[in-house]
Amino acid sequence: MREFGVEEEKIGIATFHCAENYGAFLQAFALSKWIQDRTLLKVMVVNYRPEYLLEPYKICFKKRLAANMPFPRKCKAFISFCVEVPYRLVRKRKFKKAEALLPLTGKYVSAEFKLDASYKGIILGSDQIWNTSLTQGLDPVYWGGTVSEPCKKIAYAASIGLSEYPNEIKEKAAEMFAQIDYIGVREEASVDLIQSMLKKQVMVNVDPVMLVGRDFWHRYECHVAIDNYILVYCVRNNPYIMQDAYRLAKMYNKRILHFGDPSIRTIFPDIEVHSLSYCGPFDFISYISQADIILTDSFHAMCFSIIYNRRFFVYLNKTRSERLLTLATIGKCSDRLIEWGGHLRDENIQCAFSPAKDYYENFYYKREESQEYLLSAMKGLINETDKSG
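Treat the numbers as computed from the prediction; the structure is a model and nothing was measured.

(A) Region of the structure containing unusual backbone geometry. Each neighbour pair has its own omega, and for G125 with S126 the value is 0°, a cis peptide bond. For S126, the position within the fold is in the loop between strand 4 (119–124) and strand 5 (152–158). Phi angles above zero are rare outside glycine, and Q136 is one such case at about 55°. Its place among the elements puts Q136 in the loop between strand 4 and strand 5. We note that N309 has phi near 55°; this positive angle belongs to a residue other than glycine.

(B) Examining the sheet that holds strand 2 (residues 42–48) more closely. If you trace the 7 strands from one edge of the open sheet to the other, you get 3-2-1-4-5-6-7, paired in parallel fashion. Where the open sheet ends on each side, the last strands, each with one partner, are strand 3 (104–108) and strand 7 (202–204). Across the sheet, the mean angle from the axis of one strand to that of its neighbour is 25°, orientation sign disregarded. Strands strand 6 (182–185) and strand 7 of the sheet are contacted by helix 5 (residues 188–195), whose axis makes an angle of about 175° with strand 7.

(C) Helix 10 (residues 299–307), seen in detail. Burial within helix 10 is extensive, with 9 of its 9 residues counted as buried. Here helix 10 has its buried residues at F299, H300, A301, M302, C303, F304, S305, I306 and I307. At the N-terminal boundary of helix 10, the capping side chain belongs to S298, with an oxygen 3.3 Å from the backbone nitrogen of H300. Once helix 10 finishes, N309 follows within two positions and takes phi at roughly 55°, a positive value.

(D) Representation of the packing of helix 9 (residues 281–290) against helix 10. Interhelical geometry of helix 9 versus helix 10 gives an angle of 50° and a closest axis separation of 9 Å. Between helix 9 and helix 10, the angle falls in the class oblique. By crossing handedness, the relation of helix 9 to helix 10 is classed as right-handed. Side by side, helix 9 and helix 10 meet where F284, I285 and I288 of the first sit next to A301, F304 and S305 of the second. Considering only residue class, the contact of helix 9 with helix 10 consists of 5 nonpolar, 1 polar and no charged.

(E) Expanded view of the pattern of salt bridges. In the structure shown here, the tally under the stated rule is 24 salt bridges. Residues D116 and K10 are paired through a salt bridge, measuring 3.9 Å at the closest nitrogen-oxygen approach. Note that D116 is positioned in the loop between strand 3 and strand 4 and K10 in strand 1 (residues 10–14), a separation of 106 residues in sequence. The class of D116 is partly exposed, set by a relative accessible area of 42%. Across the pair D270 and K250 runs a salt bridge, and its minimum N-O distance is 3.2 Å. Separated by 20 residues along the polypeptide, D270 in the loop between strand 9 (255–258) and strand 10 (273–275) and K250 in helix 8 (residues 239–252) bring together distant segments of the chain. Judged by relative accessible area, which is 41%, D270 ranks as partly exposed.

(F) Molecular detail of the sheet that holds strand 9. Here we have 6 strands laid out as an open sheet, ordered 10-9-8-11-12-13, and parallel in their pairing. Each end of this open sheet is capped by a strand with a single partner; those strands are strand 10 and strand 13 (337–338). Examined bridge by bridge, strand 9 and strand 10 share 3 bridges and lie parallel to one another. Note that in strand 10 the partner of L257 across the bridge is H274. Sheet strands in contact with helix 10 are strand 8 (229–233), strand 11 (293–296), strand 12 (312–315) and strand 13, and its direction is about 160° off that of strand 12.

(G) Local environment of the side chain of N47. Tracing the sequence through the fold places N47 in strand 2. The class for N47 is buried, based on a relative accessible area of 7%. Setting aside residues up to four positions removed in sequence, N47 forms contacts with H17, E99, L104, T105, G106, K107 and Y108.

(H) Expanded view of the packing of aromatic side chains. What the rule picks out here adds up to 35 aromatic pairs. Arranged with centres 5.1 Å apart and planes meeting at 85°, the rings of F16 and Y142 form a pair that is edge-to-face. Here the residue F16 occupies a position in the loop between strand 1 and helix 1 (22–38), and Y142 occupies one in the loop between strand 4 and strand 5, the gap between them amounting to 126 residues. A relative accessible area of 5% places F16 in the buried class. On the basis of relative accessibility, which here comes to 0%, the residue Y142 falls in the buried class.

(I) Representation of the pairing of strand 6. Pairing of strand 5 with strand 6, which is carried by 3 bridges, proceeds in the parallel orientation. The residue bridging A158 from the neighbouring strand is V185, located in strand 6. Read as a crossover between parallel neighbours, the route from strand 5 over helix 4 (residues 167–178) to strand 6 is right-handed. Taken together, the 3 bridges between strand 6 and strand 7 define a ladder with parallel strand orientation. Within the sheet, the bridge partner assigned to V185 lies in strand 7 and is V204.

(J) Molecular detail of the state of the cysteines. Across all of its chains, the model carries 0 disulfides by this definition. Free cysteine: C222, not disulfide-bonded; nearest cysteine sulfur from C279 at 8.5 Å. Take C222: its relative accessible area is 32%, and that puts it in the partly exposed class. Here C333 stays free of any disulfide, with the sulfur of C303 as its closest cysteine sulfur at 9.8 Å. For C333, a relative accessible area of 0% gives the class buried.

Cut-off values and rules
- Residues numbered from 1 in each chain as written.
- Predicted model: local features only at pLDDT ≥ 70, side-chain atom pairs only at ≥ 80, totals over all residues.
- Heavy atoms only, no water.
- Helix = DSSP H or I, 4+ residues; strand = E, 2+ residues; numbered from the N terminus.
- Pairing = 2+ DSSP bridges.
- Axes fitted to C-alpha atoms, helices over the stretch in contact; angles between N-to-C directions.
- Contact = heavy atoms within 4.5 Å.
- Buried < 20%, exposed > 50% of the residue type's maximum accessible area, 1.4 Å probe, protein only.
- Polar contact = N/O pair within 3.5 Å; in protein donor to acceptor, adjacent residues only side chain to side chain.
- Parallel < 35°, antiparallel > 145°, perpendicular 65-115°, else oblique.
- Left-handed = near helix turned anticlockwise from the far one by under 90°.
- Nonpolar A, V, L, I, M, F, W, Y, C, P; charged D, E, K, R; others polar.
- Salt bridge = Lys/Arg side-chain N within 4 Å of Asp/Glu carboxyl O.
- Phe/Tyr/Trp six-rings, centres within 6.5 Å; stacked < 30°, edge-to-face > 60°.
- Right-handed = clockwise from strand over helix to strand, strands pointing away.
- Disulfide = S-S within 2.5 Å.

These figures come from the coordinates and say nothing about function on their own.
This is the structure in structure tokens:
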């Protein structure tokens, strides 16, 4: 139901929408759709494409070569690269097709631009837009630097991903936080960090993929032509995840599906292993929705495991696990977390395929609170615009 707004007026979203990353696209897609369904405002995702977001996903053999790599290893790396390229190209096409569903502005490759006066507000987030190790410093686009007064700046489920800002940028970061009208973040640690820098109310929001609800995602699922599988998705290098997947597969006679290198198919010759490295974002949610169990260290894979009421275990990272811990606290599912460097315990394996708990129910009040926060912030910018008009 559309609650308020004027159709000619716009609201922007500044986030990592262009990264070839499942969570980055899906959170931007969910947030834009949710606002479209709730307001008359014209939602526009700011099509800012900085090189630091695009570079990690370029298909380039040189990036595979380490310094002083012996020639035989270079040959092996080249063969592996050639096998992988067709999968990567399919994946890129799927991401490009999905991105066409976003309401994008014109393309910007530099932060030196301004949005026009028809924008009444800009939403900053979700994702790690304030992680300066990712954005190569304080990128003004993700702090609302592309808009001018009276345009309001609303942060929704933004993430910092750092325990502390470096001293040389801390003062500037505090100034930029002070200029944001409403601040909502994705993890408790970000609340503490921001409030250590300035006195301002900071809310914890659910990620946009949880904001829209289970029924929304059912509309975008693809057909999955395989069953009886363990799904593995590793964001970082954690060998314990695949080792545990193998143990479960052997014990329960399951296949393994892995969002990784095609060569993964050969590492366990005595079980069936499939690579899903060609998948786009809607394939990603579809394979999660049908999995018998998910083993992952990914925040968004954990989100969708909860949304779809699937069995799962989440492996904490050596550092920067705050998002996972906050999600587990809200969902009351800390029993599904595996400490860094740890394996599934015997009791985990024995009950791995017992009926899944519906942890999604535990997000009801936080979802309601997050929706109210966002609606109140957007109503505030509309009301203030009307007064000034």
